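Chain by chain, the residues run as shown.
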Amino acid sequence: MKDECISFQSQFGLSFLRILATFSVIIIHVSGPLVMNFGKTPLFDWQVANFFDSISRYAVPLFFMISGALLLRKDYQLIDFLKGRFGKILPPFLIWSLIYSFTNRYVFSNEEFSFIKVVRDIFYGCKYHLWFIYALLGVYLTVPILRKWIKDAPEKEILYALIIWIFTLTLTIPNLKIYFPKIDLTYFSGFIGYFVLGYYLSLIKFKRIIAILSFVIGISITIMGTYYFTVKHSNFYYYFYEYLSLNTFLVSSGVFVLFNKMHSSDKKIFAIVSQLNQACFGVYLMHPLMLKLFLLIGFDVSIASPIISILLVAIVCFLLCFIMIYCIKKFKYGYLIA
């Protein structure tokens, strides 16, 4: 498979996808409390929250797919790559870990200061969204090796790896694994599959109808499957929300194919997308703190019907975080935070 330079148009599409994924993560975290409280939330409100949460589950897979599409096209010196990627991610990650550790323990609660607890927070995560950074850093460690393989790999070989990875997603379906031989496929599993998938889909042309069907089928399974099994068990059923599930794979692939090659000839639109794209990492790191502040002042999903409030809270959160990150980046050492 031939390498291609990242064109202006493909960069625009990937930038748009990163913005979409970042906003979708916020949707997930705004609708999440309602979804998790099945039985305590009115059924209609729960169904609305389930709809918004379900249609946003492509967010995290998209982050991995975008990184794969960008990073697996280039050649690297090992040290240069590790310095570049870890040097860009670790400073904001460490600073925000400290912010969340201190606010969680000493602002929003009254714990006594403990240096050991702060260190433990940084090592193991102190806010629900930071798990993604640990996962991303783990995938980054494989990039120099993956790149050397994928650079010379024929398309059939890449498809071979992806097919086995998709099979591992199939095996996550409850009670299905017992019907297959106990072959260890650990080496093909995990988010690294989305990484390779993003690279592959960015170079291959697919008909839009296939992408649309993939999206619709995946979304339908997520919404209806979650509803059916949650009602059946009288308790929230999480499986269909899993990022490494077959239905989420279908949705994520569909969204990526639909938008990764989109473009705009309007320089103003491209400039806006570029600015939003550059702030996405900072917005991702900041948004739980913003949502916590919203909760303290009573600006949450309870202000109106969730049909309105989920989108409203998510949009306001995204815009305020963007404005703050944009301003932070104007300072000399702003890159250390965002």
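Relevant structure appears above.
Residues numbered from 1 in each chain as written. Predicted model: local features only at pLDDT ≥ 70, side-chain atom pairs only at ≥ 80, totals over all residues. Heavy atoms only, no water.

Chemist: Would you mind going over the overall build of the protein with me for this structure?
Modeler: A tally of regular secondary structure across the protein gives 13 helices and zero strands. Its helices and strands in sequence order give the protein the pattern α-α-α-α-α-α-α-α-α-α-α-α-α, from N to C terminus. Taking 2.2 N^0.38 as the reference for a compact globule, 338 residues should give roughly 20 Å; the C-alpha atoms of the protein span a radius of gyration of 21 Å, in line with that estimate. Seen along its three principal axes, the alpha-carbon backbone of the protein occupies a region of about 55 × 55 × 45 Å. Put simply, of all contacts in the protein between residues at least 6 apart along the chain, 81% involve residues at least 24 apart. Each charge class in the protein can be summarised by its mean position, and for the 30 positive and 16 negative side chains these summaries are 4 Å apart. (Helix = DSSP H or I, 4+ residues; strand = E, 2+ residues; numbered from the N terminus. Rg over C-alpha atoms; globule rule 2.2 N^0.38 Å. Contact = heavy atoms within 4.5 Å. Lys, Arg positive; Asp, Glu negative; His and termini not counted. Charge placed at Lys NZ, Arg CZ, Asp CG, Glu CD.)

Chemist: What should I look at first to understand the packing of aromatic side chains in this one?
Modeler: Two descriptors summarise a pair of aromatic rings, namely the distance from one centre to the other and the angle between the planes of the rings. A complete count under the given rule lists 35 aromatic pairs for this structure. Centre to centre, the rings of Trp165 and Tyr194 are 4.9 Å apart; their planes meet at 75°, and the pair counts as edge-to-face. You can see Trp165 sitting in helix α8 (residues 155-170) and its partner Tyr194 sitting in helix α9 (residues 192-203), a full 29 residues away along the chain. This pair shows no difference in class: Trp165 is buried, exactly as Tyr194 is. Ring-pair connections join several aromatic residues into one group, and the members of that group are Phe63, Phe64, Trp131, Phe132, Phe191, Tyr243 and Tyr284. Taking the ring centre of Phe108 as reference, the NZ or CZ of Lys292 above it sits at 5.1 Å. (Phe/Tyr/Trp six-rings, centres within 6.5 Å; stacked < 30°, edge-to-face > 60°. Buried < 20%, exposed > 50% of the residue type's maximum accessible area, 1.4 Å probe, protein only. Lys NZ or Arg CZ within 6 Å of the ring centre and 35° of its normal.)

Chemist: Just checking my understanding: could you explain the side chain of Asn247 for this structure?
Modeler: Along the chain, the position of Asn247 falls in helix α11 (residues 246-259). Assessed through its relative accessible area of 4%, Asn247 is described here as buried. Of note is the side chain of Asn247, whose polar atom sits 2.8 Å from the backbone oxygen of Phe240. If near-sequence neighbours (up to four positions away) are discounted, Asn247 is found in contact with Gly218, Ile221, Thr222, Tyr239 and Phe240. (Polar contact = N/O pair within 3.5 Å; in protein donor to acceptor, adjacent residues only side chain to side chain.)

Chemist: Even after reading the chapter, I still don't get the packing of helix α10 (residues 208-233) against α11, so can you show me in this structure?
Modeler: How two helices pack is summed up by the angle between their axes together with the distance between the axes. For the pair α10 and α11, interaxial distance at closest approach is 7 Å and the crossing angle is 145°. Of the two possible hands of crossing, α10 and α11 adopt the one that is left-handed. Between α10, through Arg208, Ala211, Ile212, Ser214, Phe215, Ile217, Gly218, Ile219, Ile221 and Thr222, and α11, the contact on the second element is made entirely by Asn247, Leu250, Val251, Ser253, Gly254, Val255, Val257 and Leu258. Taken together, the residues that form the contact of α10 with α11 break down as 11 nonpolar, six polar and one charged. (Axes fitted to C-alpha atoms, helices over the stretch in contact; angles between N-to-C directions. Left-handed = near helix turned anticlockwise from the far one by under 90°. Nonpolar A, V, L, I, M, F, W, Y, C, P; charged D, E, K, R; others polar.)

Chemist: How should the pattern of salt bridges be read in this particular structure?
Modeler: Side-chain pairs of opposite charge can arise where the charged atoms are in close proximity. Going through the model one piece at a time under the given rule, you end up with six salt bridges. Arg105 serves as the salt-bridge partner of Glu111, at 2.8 Å between the closest nitrogen and oxygen. With relative accessibility at 16%, the residue Arg105 sits in the buried group. With a closest N to O distance of 2.8 Å, Arg105 and Asp121 form a salt bridge. With a gap of 16 residues between them, Arg105 in helix α4 (residues 78-107) and Asp121 in helix α5 (residues 115-124) connect regions that are remote in the sequence. A single burial state applies to Arg105 and to Asp121, both of which are buried. One network of salt bridges, with partners in common, ties together Arg105, Glu111, Lys117 and Asp121. (Salt bridge = Lys/Arg side-chain N within 4 Å of Asp/Glu carboxyl O.)

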